Amino acid sequence: MGESPTFTFDRIVRVALVAAVLAFAYISVIDKLTHDWWFDENYSHGLLIPFVVGLILWNERKELRSTCGAPSVWLGTAIVISSVVMLAAGTLGAELFTQRLSLLLILSGVTVFFFGKRILSRLTVPFVLFFLAIPIPQIVFNRIAFPLQIWASQMAVWGIRVFEIPVTRLGNVIDILPKGSTQTISLEVVEACSGIRSLSTLITLALILVYFTRQDGNRRSWNFGLGTCDAWRAVILMLLAFPIAVVTNAARVSATGILTYYYGKPASEGTVHEVSGWLVYISALAILIFANFLIKKAIKPQGSVSADTSVVEKVFRGSAPLLPIVVLIFGSGLAINWFVHRGEVPVPRSELVNLPQTLGDWRQKGSDFKFESDVESVLGATDYTMREYSLPDGRVANLYVGYYASQRTGATYHSPQNCLPGSGWMMGDRHTIDITTSDGRTFTANLYLIESGVYREIMVYWYQGRGRIEASEYNDKVNTVWDSITRRRTDGAMVRVMTSVGSDETAAKKALADLAARLEEQLDPFVPE
């Protein structure tokens, strides 16, 4: 058995110094991350992760001491430098996920620098738990959330129809006619009801559950802190979290629909709705625990595995050079904090409510539309307008412009590809259209034929800001990163126009292209170059 390392006052001071410069360099990242944990219900489980990880480290303190090896100075330094580069790129490019991933990476780099690379195998579970608490990019989140909303809606409708209750569904909106009523009630399967909120929590709980119910024979395995059987059990249980989240939330929507049929709108809001949400969490957790019990019975270890501690070395052997890494992290922290507090270049602009009421031959029809406060909160736009315009021949088109003064804090565009299908619209294949303005400029926009029941519309949309126009949201994101670095600006807008196909699709496309061109010509005061 190798000699266990001792932690002298000098070594504790060295670790504390590194921790201090890390906190300084990442203070803005940590502040925004904890803010999201507190206010974003999708990641509220992140508030518990530091405590869970602390408990894991305390329980594993003996094994961790025996796992410590000689400092891996060069490897640790390389990881720290990579992390600093990621932090700089994420901060300059207004990409929160990159900044937060950098925090996770630099923690692993410092660990390797002081304790050697072998200890990472024992710390894999804590690092994965922290990773699961990092909010994923909004573009990716929307891609995951929307299919879950649709699946939950479909399953909920099936559950309601089992009780022979008449119900219709358009996208993630379920319409029910209460018993004895003449007016339908719409139930919208939003993110909270689709399972996306409970999903991230359930995946995290699955890993925690497996870790604290490890097989005795595998407690000292080098396989990511888990034995082979336990590692497979963790993978299976985390994958099962997906159907568990969707099914339990679909059951909630079904129950809400049934109660709405018999008791009307009060059954779908207020205390009843909140209590049903908690019941879903409890039910999902119970199913997860039962699944863990069954999998544990089915997958049993073949024998005990113990850690090979014959080559264990003392921590800090060779006296890792502390000054260079402290200077590197502290210097990076100075630069990053200076950039964060410097802010973005203020850009004067006019509010979208002042958008001209006349766009070529188009005239505004009625007043601007406003979303409800909860929808506005989800959109996160700094300013927006949604209104209708009409032509002398009677054609009517809907227009929406959503402007974001800054995308550094995570607020960003919501693609119509995610929003409209959730409202019951079926989207055809994506096409692009070249739109030419009156002064001869040409830009490319997305074009979709969308349908909802008997309604057929043509939709054109694009992303505009800082003198750029893009059809692709991914190209626009790259441009945003570049402009944040070179121009200190991340402002921009998503612009959408749509009109009815009517009896002549070609004429509808031509009219919509004309409105798009006339609108783009007027946007500069509202979406500055």
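Residues numbered from 1 in each chain as written. Predicted model: local features only at pLDDT ≥ 70, side-chain atom pairs only at ≥ 80, totals over all residues. Heavy atoms only, no water.

### Structural notes on unusual backbone geometry
In this structure, Arg466 takes a positive phi of about 60 degrees despite not being glycine. Its location among the elements puts Arg466 in the loop between β11 (455-465) and β12 (468-470). Residue Arg488 is not a glycine yet carries a positive backbone phi of 60 degrees. (Helix = DSSP H or I, 4+ residues; strand = E, 2+ residues; numbered from the N terminus.)

### Observations concerning the packing of helix α2 (residues 27-39) against helix α6 (residues 96-115)
The geometry of α2 relative to α6 is characterised by a closest axis approach of 10 Å and an angle of 110 degrees between their N-to-C directions. On the basis of the axis angle, α2 is roughly perpendicular to α6. Where α2 approaches α6, its residues Val29, Ile30, Lys32, Leu33 and Asp36 are matched on the opposing element by Leu96, Gln99, Arg100 and Leu103. Grouping the constituent residues of the contact of α2 with α6 by class yields 5 nonpolar, 1 polar and 3 charged. (Axes fitted to C-alpha atoms, helices over the stretch in contact; angles between N-to-C directions. Parallel < 35°, antiparallel > 145°, perpendicular 65-115°, else oblique. Contact = heavy atoms within 4.5 Å. Nonpolar A, V, L, I, M, F, W, Y, C, P; charged D, E, K, R; others polar.)

### Regarding the pattern of salt bridges
Throughout the structure, instances matching the rule amount to 13 salt bridges. Residue Arg441 is joined to Glu520 by a salt bridge in which the shortest nitrogen-to-oxygen separation is 2.9 Å. Residue Arg441 is found in the loop between β9 (431-436) and β10 (442-452), and its partner Glu520 is found in helix α17 (residues 505-522); the two are separated by 79 residues along the sequence. Take Arg441: its relative accessible area is 37%, and that puts it in the partly exposed class. In this structure, Arg466 and Asp483 form a salt bridge, with 2.6 Å as the shortest nitrogen-oxygen distance. Of this pair, Arg466 sits in the loop between β11 and β12 while Asp483 sits in helix α16 (residues 473-487), and the two are 17 residues apart along the sequence. Grouping residues by exposure puts Arg466 and Asp483 together as buried. Salt bridges here are not isolated pairs; linked through shared partners, they connect Lys32, Asp36 and Arg100. (Salt bridge = Lys/Arg side-chain N within 4 Å of Asp/Glu carboxyl O. Buried < 20%, exposed > 50% of the residue type's maximum accessible area, 1.4 Å probe, protein only.)

### Examining the nonpolar core
In this structure, Leu129, Leu202 and Leu237 are the most contacted members of the largest nonpolar core, which totals 34 residues. Those elements that provide at least two residues to this core are α2, α3 (49-59), α7 (124-132), α8 (138-162), α10 (196-211), α11 (228-263) and α12 (270-298). Examining the composition of this core, we find that 9 residues originate from one element, α10, more than from any other. With sequence-adjacent residues up to four places away left out, Leu129 is seen in contact with Ile49, Val52, Val53, Ile56, Thr204, Leu207 and Ile208. (Core = buried A, V, L, I, M, F, W, Y, C linked by side-chain atoms within 4.5 Å.)

### Overview of the pairing of β9
For β9 and β10, the ladder comprises 6 bridges, and the chain directions are antiparallel. Note that in β10 the partner of Ile435 across the bridge is Phe443. Hairpin connection from β9 to β10: 5 residues lie between these consecutive antiparallel strands, with Gly440 at a positive phi of about 95 degrees. (Pairing = 2+ DSSP bridges.)

### Things to note about α16
Across its 15 residues, α16 extends 20 Å between first and last C-alpha, which sits within 8% of the 21 Å expected from 1.5 Å per residue. Residues of α16 that are buried include every one of Glu473, Asp476, Lys477, Asn479, Thr480, Asp483 and Ser484, and no others. Taken around the axis of α16, the buried residues stretch over an arc of 165 degrees, which confines them to a single face. Away from its buried face by more than 90 degrees, α16 exposes Val478 and Trp482. N-cap assignment for α16: the residue whose side-chain oxygen lies 3.2 Å from the backbone N of Tyr474 is Ser472. Looking one or two places after α16, you find Arg488, whose phi comes out positive at around 60 degrees. (Expected span 1.5 Å × (residues − 1). Arc of directions from axis to C-beta. Polar contact = N/O pair within 3.5 Å; in protein donor to acceptor, adjacent residues only side chain to side chain.)

### Focus on the environment of Asn249
Position of Asn249 among the secondary structure elements: in helix α11. On the basis of relative accessibility, which here comes to 2%, the residue Asn249 falls in the buried class. Separated by 51 residues in the primary sequence, Asn249 and Ser198 place their C-alpha atoms 8.7 Å from one another.

### Here's the deal with the confidence of the model for the protein chain
Looking at the protein chain as a whole, the pLDDT averages 79, with 81% of positions reaching at least 70. Low pLDDT (under 50) marks residues 1-6, which in the prediction has 11 contacts with non-local residues, meaning those over four places away or in another chain. Contacts of residues 217-224 to residues separated by more than four positions or lying in other chains number 31 contacts, the stretch itself having pLDDT below 50. (pLDDT = per-residue confidence, 0-100.)

### Quick notes on the packing of α3 against α7
In the contact formed by α3 and α7, the axes pass within 10 Å of each other and the chain directions differ by 180 degrees. By the angle class used here, α3 and α7 are roughly antiparallel. Together, Ile49, Pro50, Val52, Val53, Ile56 and Leu57 of α3 and Val125, Pro126, Leu129 and Phe130 of α7 make up the contact between the two elements. Within the contact of α3 with α7, the residues separate by chemical class into 10 nonpolar, no polar and no charged.

### What to know about the pairing of strand β6 (residues 383-390)
Of all 8 residues in β6, 7 are buried, a share of seventy percent or more. Where strand β5 (residues 362-369) and β6 come together, 4 bridges link them in antiparallel fashion. Directly across from Phe369, in β6, lies its bridge partner Met386. Here β6 runs beside strand β7 (residues 396-404); their pairing, made up of 8 bridges, is antiparallel. Note that in β7 the partner of Tyr384 across the bridge is Gly402. Adjacent in sequence and paired antiparallel, β6 and β7 are bridged by 5 residues, among which Gly394 carries a positive phi angle near 100 degrees.

### Examining the side chain of Ser108
Counting through the fold element by element, Ser108 comes out in helix α6. Among the residues examined, Ser108 registers a relative accessible area of 11% and is labelled buried. Within the local environment of Ser108, its side chain forms a polar contact with the backbone oxygen of Leu105, the two atoms lying 2.5 Å apart. Leave out the neighbours within four places in its chain, and Ser108 touches Ile79, Leu120 and Phe127.

### Remarks on helix α5 (residues 73-92)
Between its terminal C-alpha atoms α5 stretches 28 Å, which fits the 28 Å expected from 20 residues at 1.5 Å a residue. Of all the residues in α5, the buried ones are Gly76, Ile79, Val80, Ser83, Val84, Leu87, Gly90 and Thr91. Each buried residue of α5 sits inside an arc of 140 degrees when the element is viewed along its axis, so together they form one side. With respect to the buried face of α5, the exposed residues turned more than 90 degrees away are Trp74 and Val85.

### Concerning a nonpolar patch on the surface
Together, Val275, Trp278, Leu279, Tyr281 and Ile282 give the surface a local cluster of nonpolar side chains, amounting to about 540 Å² of exposed area. Relative to the helices and strands, Leu279 is located in helix α12. (Patch = residues over 30% accessible without salt bridge, like charges linked within 9 Å, V, L, I, M, F, W, Y side chains within 5 Å. Areas by Shrake-Rupley, 256 points an atom, 1.4 Å probe, with all protein chains shown as cover.)

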